[in-house]
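Overview (structure and organization)
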Amino acid sequence: MSTLDQKLLERLAAQHTAQLYRYYSTRSNACMASAEYGQENYLAFISNDYLGLANHPALIEAVQKATAIYGVGSGAAHAVSGHCAIHEELEQALAKFTGRTAAIVFSTGYMANLGVLSTLAGEKDSIFADRLVHASLIDGIRLSGARLVRYQHNSIENLQTKLSRYRQGQALIASDGVFSMDGDIAPIPELAQIAQEQDAALLIDDAHGFGVLGKNGGGCCEHYNLNEQAVPILMGTLSKAFGCFGAFVAGSELLIENLRQFARTYMYTTALPPLLAQASLASLELLQKENWRREHLQQLISYFRAGAQQLNLPIMPSTTPIQPLLVGDNEKLIKLQTTLKQQGFLVGAIRPPTVPTNTARLRISLNVHHTQQDVENLLTVIAAAMANFI
Ligand SMILES: *Cc1c(COP(=O)(O)O)cnc(C)c1O
């Protein structure tokens, strides 16, 4: 066996031993309340399709319409011939939706974060990131070569201390709007204030806020009523509440034009298929118009939290559809998840390195397809399973 193969084998074995091995099962139905895996069917609380749009007839129709015009692939990067009228239309609609001057569409959120951070910061600069930011922000900071400084989760005081101690060159503050594994919302008004006082740039990744938060689904910035001046670099995905695929960054003309000229993850990758841009436009219309989706979601969230509290389940301070239950130990978590699965319920089991060591958790994602009865049933089985393992 080659030394590389030997190393790869050992690494997988260690992953098993640490209860960190990831299994990739294959789902065979569309996004809905239940998830089908071959012959097995589960009530599922694991998707980011919060508003239930991924499978919506209007999106399917939009895809068919766009396919008739554009076919499937975009054929090239934006800078070559991939940039289509429908991309332009989507960018303008997203700028309007976010109340920003301009927007640029990326092929994924991961690439958007890599592109923005590597365009705006370099080796002489410093980026201050909340300890719990999404992996794509960390990778973007690494790619930029800037000094990475982590501050304690949602701690303005700690951010201030770190800024005064470690600032170099251009300073940039980066945070998730809604934290993907915790579900809590960042104190963005305070972050914006510090950023302005200290002449630092502020990037908010609102992957989980768009569509869900704010009266019209405008995300964290609508929730807190923060304009382009307060949050100058606003990133969102089209893959979560939008139910599609892709991502965008919204901000000033100057920012967006710089991304078009210098973001390598925009320039050197094939443009988003036009059919997805068309579907995103359909989604954007629905998610603004159909308030009942957000209202239903809010009811489910309240119902879940009240029920979990009554059952003494270890809820975390989240007011969003992401509702984690803190377990701590990896092995206990896997046992719990397995027990729930045996009873027909699918929930996330989030372990390090996705979350800090000893904070393994069940991650329950609520969506519009769920009913109060679904939530009640889930709580009942979790409470029973937890009583056995913890
Ligand atoms: C999902 C997610 C991303 C990545 O978006 P993709 O479009 O899936 O690549 C980035 N940031 C956060 C906070 C996310 O939750």
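Residues numbered from 1 in each chain as written. Predicted model: local features only at pLDDT ≥ 70, side-chain atom pairs only at ≥ 80, totals over all residues. Heavy atoms only, no water.

1. Remarks on the overall build of the chain
Broken down by element type, the chain carries 15 helices and twelve strands. Computed over its C-alpha atoms, the radius of gyration of the chain comes to 21 Å, within 12% of the 21 Å expected for a compact globule of 390 residues. Seen through its principal axes, the chain has C-alpha atoms that stretch 55 × 55 × 55 Å. Scored against the burial criterion, the 390 residues of the chain give a buried share of 54%. A sequence separation of at least 24 residues applies to 69% of the contacts in the chain between residues at least 6 apart. (Helix = DSSP H or I, 4+ residues; strand = E, 2+ residues; numbered from the N terminus. Rg over C-alpha atoms; globule rule 2.2 N^0.38 Å. Buried < 20%, exposed > 50% of the residue type's maximum accessible area, 1.4 Å probe, protein only. Contact = heavy atoms within 4.5 Å.)

2. Points about the pairing of strand 4 (residues 126–130)
Across the five residues of strand 4, five count as buried, placing the element largely inside the fold. Residues Ser 126, Phe 128 and Asp 130 line one face of strand 4 and the alternating positions Ile 127 and Ala 129 line the opposite face, and both faces are buried. In terms of strand pairing, strand 4 meets strand 5 (residues 147–151) through five bridges, oriented parallel. Each bridged residue has a counterpart across the sheet, and for Ala 129 the counterpart in strand 5 is Arg 150. Of the strand pairs in this sheet, strand 4 and strand 6 (residues 171–176) are connected by four bridges, and their pairing is parallel. The residue bridging Ile 127 from the neighbouring strand is Leu 172, located in strand 6. (Pairing = 2+ DSSP bridges.)

3. Notes on the side chain of Ser 365
Tracing the chain through its elements places Ser 365 in strand 12 (residues 360–365). Here Arg 363 takes part through its side chain, which lies 3.4 Å from a polar atom of the side chain of Ser 365. (Polar contact = N/O pair within 3.5 Å; in protein donor to acceptor, adjacent residues only side chain to side chain.)

4. Remarks on the sheet that holds strand 1 (residues 34–37)
Pairing between the strands of a sheet is mediated by backbone hydrogen bonds and can be parallel or antiparallel. Strand order in the open sheet formed by five strands is 1-2-11-12-10, with mixed pairing between adjacent strands. Edge positions in the sheet fall to strand 1 and strand 10 (322–328), since each of these pairs with one other strand and no more. On average, each strand axis in the sheet is inclined to that of its neighbour by 40 degrees, with strand direction left out of account. Packing against the sheet, helix 14 (residues 330–342) makes contact with strand 2 (40–45), strand 10, strand 11 (345–350) and strand 12, and its axis sits at approximately 165 degrees to strand 11. (Axes fitted to C-alpha atoms, helices over the stretch in contact; angles between N-to-C directions.)

5. Examining the side chain of Glu 228
Its place among the elements puts Glu 228 in the loop between helix 9 (219–224) and strand 8 (233–237). No salt bridge is formed by the buried Glu 228, whose closest oppositely charged neighbour, Arg 100, lies at an N-O distance of 5.0 Å. Looking at Glu 228, its side chain comes within polar contact range of the main-chain nitrogen of Thr 101, at 2.7 Å. Those residues in contact with Glu 228, other than ones at most four positions away along the chain, are Arg 100, Thr 101, Gly 251 and Ser 252. (Lys, Arg positive; Asp, Glu negative; His and termini not counted. Salt bridge = Lys/Arg side-chain N within 4 Å of Asp/Glu carboxyl O.)

6. With respect to the packing of helix 13 (residues 291–310) against helix 15 (residues 372–389)
Interaxial distance between helix 13 and helix 15 falls to 10 Å at its minimum, and their mutual angle equals 25 degrees. Classified by the angle their axes make, helix 13 and helix 15 are roughly parallel. The chirality of how helix 13 crosses helix 15 is right-handed. Residues Leu 300, Tyr 303, Phe 304, Gly 307 and Ala 308 of helix 13 touch helix 15, and the partners they reach there are Gln 372, Val 375, Glu 376, Leu 378 and Leu 379. (Parallel < 35°, antiparallel > 145°, perpendicular 65-115°, else oblique. Left-handed = near helix turned anticlockwise from the far one by under 90°.)

7. Observations concerning the nonpolar core
In terms of nonpolar packing, the biggest core is built from 90 residues, with Leu 94, Ile 173, Leu 362 and Ile 364 touching the most fellow members. Of all the elements, helix 12 (residues 274–289) adds the most residues to this core, at nine residues. Of the domains in this structure, domain 1 (20–49 + 291–389) and domain 2 (62–289) are the two that each give at least three residues to this core. Of all hydrophobic cores here, the second largest spans 27 residues; its members include Ala 146, Leu 172, Met 235 and Leu 255. (Core = buried A, V, L, I, M, F, W, Y, C linked by side-chain atoms within 4.5 Å. Domains from an automatic or database assignment.)

8. Topic: the site of the ligand
Contacts to the ligand come from 14 residues, most closely from Gly 109, Tyr 110, Asp 205, His 208 and Lys 240. His 134 places a side-chain nitrogen or oxygen 3.4 Å from a nitrogen atom of the ligand. About the coverage of the ligand: the protein hides 85% of its 380 Å² of free accessible area. Take the shell around the ligand: its biggest share by element is three residues, from helix 5 (residues 109–120). (Near = heavy atom within 4 Å. Areas by Shrake-Rupley, 256 points an atom, 1.4 Å probe, with all protein chains shown as cover.)

9. Details of unusual backbone geometry
In this chain, Pro 352 is followed by Pro 353 through a cis amide linkage whose omega measures 5 degrees. Positive phi, close to 65 degrees, is recorded for Asn 358, a residue that is not glycine.

10. Remarks on the packing of helix 5 against helix 10 (residues 253–262)
Viewed as axis vectors pointing N to C, helix 5 and helix 10 meet at an angle of 100 degrees, and their least axial separation amounts to 10 Å. What the angle tells us is that helix 5 and helix 10 run roughly perpendicular. Contacts between helix 5 and helix 10 involve Gly 115, Val 116, Thr 119 and Leu 120 from the former and Leu 255, Asn 258, Leu 259 and Phe 262 from the latter. Residues of the contact of helix 5 with helix 10, tallied by class, amount to five nonpolar, three polar and no charged. (Nonpolar A, V, L, I, M, F, W, Y, C, P; charged D, E, K, R; others polar.)

It is worth stressing that arrangement in space is one thing and function is another; only the former is reported here.
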